[in-house]
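# Residue-level structural notes
Take a look at the letters that make up each chain.
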Amino acid sequence: MYASVSSDCIGCAACESICPQVFRMNGFGIAEAYINPIPQELEKLTKDAANNCPVEAITIE
Ligand code: F3S
């Protein structure tokens with residue numbers, strides 16, 4: 001499973017709060033997924049983060 005953050009991100013940081021193992025804010029105030037592929041034990045949290053993004057900026061495939 002892979003996660004990516006689109007340019008729709010508004011920097012609300014919910015993803016980082018929910019799953020800091022995968023998402024972190026970069027220097028521009030935008031989230032990045034910095035572990036890919038997502039380790040199996042983090043898949044559920046990663047999906048939770050994606051589902052809680054207010055602008056649906058996180059794509060999982
Ligand atoms: Fe951006 Fe959504 Fe995360 S707005 S900071 S990708 S929760």
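As shown above, the structure is provided for reference.
Attention here is on the structure that accompanies the text. From a predicted model like this one, the values you see are computed outputs, not experimental measurements.

### A look at helix α2 (residues 43-52)
Within an α-helix, residues lying three or four positions from one another point in the same direction, as the helix has 3.6 residues per turn. Inspection of α2 places T46, A49 and A50 among the buried residues, and these make up the whole buried set. The buried residues of α2 occupy one face: seen down the axis, they fall within an arc of 100°. Residues of α2 that are exposed and angled more than 90 degrees away from the buried face: K44 and N51. The inward-facing, buried residues of α2 contact β1 (3-5), α1 (14-18), β2 (23-25) and β4 (58-60).

### Considering the side chain of T46
Relative to the assigned elements, T46 resides in helix α2. A residue is classified by how much of its surface remains accessible, and T46, at 0% relative accessible area, is buried. A polar atom in the side chain of T46 sits 2.7 Å from the backbone oxygen of L42. Ignoring anything within four residues of it in the chain, the contact list for T46 reads M1, A3, C19, V22, F23, I38 and I60.

### Structural notes on unusual backbone geometry
When glycine is set aside, most residues are seen to have a negative phi, and most peptide bonds are trans. That bond from N36 to P37 is cis: its omega, 0°, falls within 30 degrees of zero. As for its placement among the helices and strands, P37 is situated in the loop between β3 (31-33) and α2. A positive phi angle is found at A13, which is not glycine, with a value near 70°. Positive phi, close to 50°, is recorded for E56, a residue that is not glycine. You can see E56 is positioned in the loop between α2 and β4. A relative accessible area of 68% places E56 in the exposed class.

### Focus on the packing of aromatic side chains
If you walk through the whole model with that rule in mind, you get zero aromatic pairs. Here R24 stacks its cationic end above the ring of Y34, 3.7 Å away from the centre of that ring.

Criteria and thresholds
- Sequence order as written defines the numbering, with residues in each chain counted from 1.
- Residue-level local features of this predicted model are given only where pLDDT is at least 70; pairs of side-chain atoms are given and counted only at 80 or more, and the full residue set underlies all totals for whole chains, interfaces and linings.
- Excluding hydrogens and water, the side-chain figures rest on all heavy atoms present in the structure.
- For every residue, the accessible area (1.4 Å probe, protein chains only) is compared with the maximum for its type, and the residue is labelled buried under 20%, exposed over 50%, or partly exposed between those bounds.
- Here a strand is any run of E in DSSP of at least two residues, a helix any run of H or I of at least four, and the numbering for each starts at the N terminus.
- What the arc covers is the set of directions going from the helix axis to the C-beta atoms.
- Residue contacts are counted whenever heavy atoms from the two residues lie within 4.5 Å of one another.
- By the criterion applied in these results, polar contacts are pairs of N or O atoms within 3.5 Å in which, for protein atoms, one can donate a hydrogen and the other can accept it, and in which residues neighboring in sequence qualify only through two side-chain atoms.
- Two rings belonging to Phe, Tyr or Trp (six-membered ring only in the last case) form a pair when the distance between their centres is within 6.5 Å. Interplanar angles under 30 degrees mark stacking, angles over 60 mark edge-to-face geometry, and anything in between is tilted.
- Only Lys NZ and Arg CZ are tested; either one counts as a charge over a ring when it is within 6 Å of the ring centre and within 35 degrees of the ring normal.

Purely geometric stuff here, so don't read any function into it on its own.
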